[in-house]
Structure formats: structure tokens, C-alpha cells
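Structural features, examined
Each chain, written out:
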Amino acid sequence: MSLQRPEHRQRFAPSRTGPLHLGHAFSALTAWDAARLAGGHFLLRIEDIDQSRARPAWEAQILDDLAWLGLAWPEPVLRQSSRGRVYADALRVLWARGLLYPCTCTRRDIAAALSAPQEGASTLAPATGPDGLLYPGTCRQKTDRSQALERPERVTLRLDTAAAVAWLTAHRDLGQSALLCFEDTGTRPGRQRIALSSLPDRIGDIVLARQGMGTSYHLAVVLDDAHQRVSHVTRGEDLFDATAIHVLLQALLDLPTPRYHHHRLIRDAGGKRLAKRDDARAIAVYRGDGATPSDIRRLVGL
Ligand code: GLU
Ligand code: ZN
């Protein structure tokens, strides 16, 4: 047995859909500080699967701002847009197990199906999960899943979460019929126990590939964290609920579950969360006004 401590690897994974703002800087600096403290590594990944919203110009500014903050990372940077093959392979594996199905519903179809009166249904508001409204399952039985999956990048694919739970129960040796993940520090420290039976109602049939994108955020983040051998995921508390999805996908795809650290969100003076397009708090604006990297650290409470 080796007594070597496992490598500590952190990552920051910005989407290039807007400028780096105070909230991103806080996230990146928190991950960076944790990596430094542990004598580990800090990695960068550009999340650019959504080509319709991603702008290459933002990327240069984001990288420049991060370097200005004093961060450094190994080159070349991992880009999700270069990983289509890996995402497609994972989709094929899940498809071959009968765990995916194509969905042709629009947002409006889903809202309409959920608001249609159902016999015996309560009048409570429709349930929501990490991705918003829980999918009502309209397309679940529409496709013969024994067919080959042609051109996964052309369709929207959902995970049949109940079938995935049944598959895990039959094929993986999971004590207590639950998935576990750990948070060392952060806003929710401790062990999170995710009962398998709770997952269908908790996350619903999540989208794993969006038409024209060949993946979804959830599938890409799980495959990329594993590829970059990320041991510690540091990110905002807004993604806490999505972690149940990620831990489920890791179990299905036989990938390790990193440790998580969800941090508080940076809010504006009115207490509102900073939005992606909150250009007023873009690091570039502070830089232009003569702020130093230490000023930024102080502004976010580090
Ligand atoms: N690209 C995501 C974002 O900008 C990061 C998600 C994550 O850290 O898992 O919010
Ligand atoms: Zn559908």
C-alpha cells in the first residue's frame, strides 16, 4: 500500500458567456487558495459547449483577468468544445443500457403538460429540481430503446432516472442504497447521503444531451472533472442541488466522486446575486478604475 497522499487538484471552470465578475473572482481565488494551502494543483477549463452564447472575445478577457489576479494554470487550457467524442461515447454507453430516451418537448410543451389537469393530482405547484420544472415524462415511452442511437448530437436526450437507479441497484455494490459525497469546508460541510430511491423525484429525467450541443452541462462537467483528475470541486452554493445529479452520473459512468466545497455567493449592495451580465462588477471595470488584486480580494471578503 502506498502512503502517498492523493494529489489535491482544484479547477475553475468559467463559461465564456460574459466578463469575469466579482463572483467568479471569488470562486477562482477560493479554489486557488485551497490548492496552494494543500500543495496541490490549480486547473482551468473553459466551458464553451453552448456555442450560441459563448463568445471567444470573452475568453481572452477572462484569462487576462485571472492572470492579473495572480493565478496560473497549466497550458493548454481544456476546452469543452474539443471533447465532443468523449461526451458522445458516454451517451452511447448509457444508451446501450437503455437509460436514455430522445425528447422533442419544448419548454412550452413541458409547462403545458404540467399544468394540464390530472386526475387525482393535487393543486400544488409543479415540482422543481436543480434544472427547474421536473420533466413530466411525456417522451419516456415513445422510442424503442433497443434501436441503435444514431447521431447523438442531433437530438435532446434525457436520462430515465428511475431506470438509472434500477440499473445501479442491479450492477453496483452500493451500501445503504445511497450515494455519498463529502464537503470538507464550505457552506454545507459534512457527508451528504443521497438515497437512490429519492432521485427520480429529486432531479427528474434530466437532459444529458441538448440538440445541437452533443452534451449538457451535467454530463460534460462530470466527464471533464474526471479527465482533469479533479479531487476537489470548489463552486458556488447555487450548484449545490446539481451535485446530486453529478454524483449519480459518476456512479453510472464509473468515475470517482471528488470532494465538494460550495461557497457563499457574492451579492450586490441590494443583496441580489451577481448575474452573468452584471458588467458593472466586471473585474475589467475595477481594473480600469485602478483597483489592485488585493483590492479585489478585500471586496469579496478574502
Ligand atoms: N461553468 C459553470 C459556471 O460558470 C461552472 C460550473 C461548475 O463549477 O461546476 O457557472
Ligand atoms: Zn419530451
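Here the structure is a predicted model, which is why all the values come from computation and not from measurement. (Residues numbered from 1 in each chain as written. Chains lettered and ligands numbered in written order. Predicted model: local features only at pLDDT ≥ 70, side-chain atom pairs only at ≥ 80, totals over all residues. Heavy atoms only, no water.)

Turning our attention to the overall build of the protein chain. What the protein chain contains, in helices and strands, is 10 helices and 12 strands. For 302 residues, the compact-globule estimate of 2.2 N^0.38 gives 19 Å, and the C-alpha radius of gyration of the protein chain, at 20 Å, lies within 12% of that figure. Dimensions of the protein chain along its principal axes, counting C-alpha atoms only, are 60 × 55 × 35 Å. In the protein chain, 79% of the contacts between residues at least 6 apart in sequence involve partners at least 24 apart. Split by element, the accessible area of the protein chain, about 15,600 Å² in all, is 51% carbon and sulfur. Here the protein chain contributes 40 positive and 33 negative side-chain charges, whose respective centroids are spaced 0 Å apart. (Helix = DSSP H or I, 4+ residues; strand = E, 2+ residues; numbered from the N terminus. Rg over C-alpha atoms; globule rule 2.2 N^0.38 Å. Contact = heavy atoms within 4.5 Å. Areas by Shrake-Rupley, 256 points an atom, 1.4 Å probe, with all protein chains shown as cover. Lys, Arg positive; Asp, Glu negative; His and termini not counted. Charge placed at Lys NZ, Arg CZ, Asp CG, Glu CD.)

Strand pairing in a sheet relies on backbone hydrogen bonds, with the paired strands running either antiparallel or parallel. With antiparallel pairing, the 3 strands of this open sheet are ordered in space as β4-β7-β10. Since the sheet does not close on itself, it has two edges, and those belong to β4 (100–102) and β10 (207–209), each with one partner. Sheet twist, expressed as the mean angle between neighbouring strand axes with direction ignored, is 40 degrees. Summarising the sheet, β4 and strand β7 (residues 157–159) pair through 3 bridges and their orientation is antiparallel. If you follow Leu 100 over to β7, its bridge partner there is Leu 159. (Pairing = 2+ DSSP bridges. Axes fitted to C-alpha atoms, helices over the stretch in contact; angles between N-to-C directions.)

A few words on the packing of aromatic side chains. This structure, assessed with the given rule, holds 2 aromatic pairs. Their ring planes at 85 degrees and their centres at 5.4 Å tell us that Trp 32 and Phe 42 sit as a pair that is edge-to-face. With Trp 32 in helix α1 (residues 22–37) and Phe 42 in strand β2 (residues 41–46), the pair connects residues that are 10 residues apart, well separated along the chain. Taken as a pair, Trp 32 and Phe 42 share a single burial class, namely buried. Centre to centre, the rings of Tyr 101 and Tyr 135 are 6.5 Å apart; their planes meet at 35 degrees, and the pair counts as tilted. On the criterion of sequence distance, the pair formed by Tyr 101 in strand β4 and Tyr 135 in the loop between β6 (132–133) and β7 is long-range, its members being 34 residues apart. Here Tyr 101 falls in the buried class, since its relative accessible area comes to 0%. A cation sits over an aromatic face here: Arg 158 above Tyr 135, 3.7 Å from the ring centre. Lying over the aromatic face of Phe 240, Arg 188 brings its terminal NZ or CZ to 3.8 Å of the ring centre. (Phe/Tyr/Trp six-rings, centres within 6.5 Å; stacked < 30°, edge-to-face > 60°. Buried < 20%, exposed > 50% of the residue type's maximum accessible area, 1.4 Å probe, protein only. Lys NZ or Arg CZ within 6 Å of the ring centre and 35° of its normal.)

Once that is clear, we can look at the coordination of the zinc ion (ligand 2). Coordination of the zinc ion (ligand 2) by the protein involves Cys 103 (SG), Cys 105 (SG), Tyr 135 (OH) and Cys 139 (SG), with metal-donor separations of 2.0 to 2.3 Å. Taken together, the 4 donor atoms surrounding the zinc ion (ligand 2) define angles of 98 to 125 degrees at the centre, an arrangement classified as tetrahedral. Mapping the donors of the zinc ion (ligand 2) onto the primary sequence gives the spacing C-x1-C-x29-Y-x3-C. In this pair, Cys 105 is assigned in the loop between β4 and α4 (107–115) and Tyr 135 in the loop between β6 and β7, connecting sequence segments 30 residues apart. For the pair formed by Cys 105 and Tyr 135, the shared burial category is buried. (Donors = N, O, S within 2.8 Å, 3.2 Å for Na, K, Ca; no water. Tetrahedral: all angles 85-135°; square planar, octahedral: opposite > 155°, others 65-115°.)

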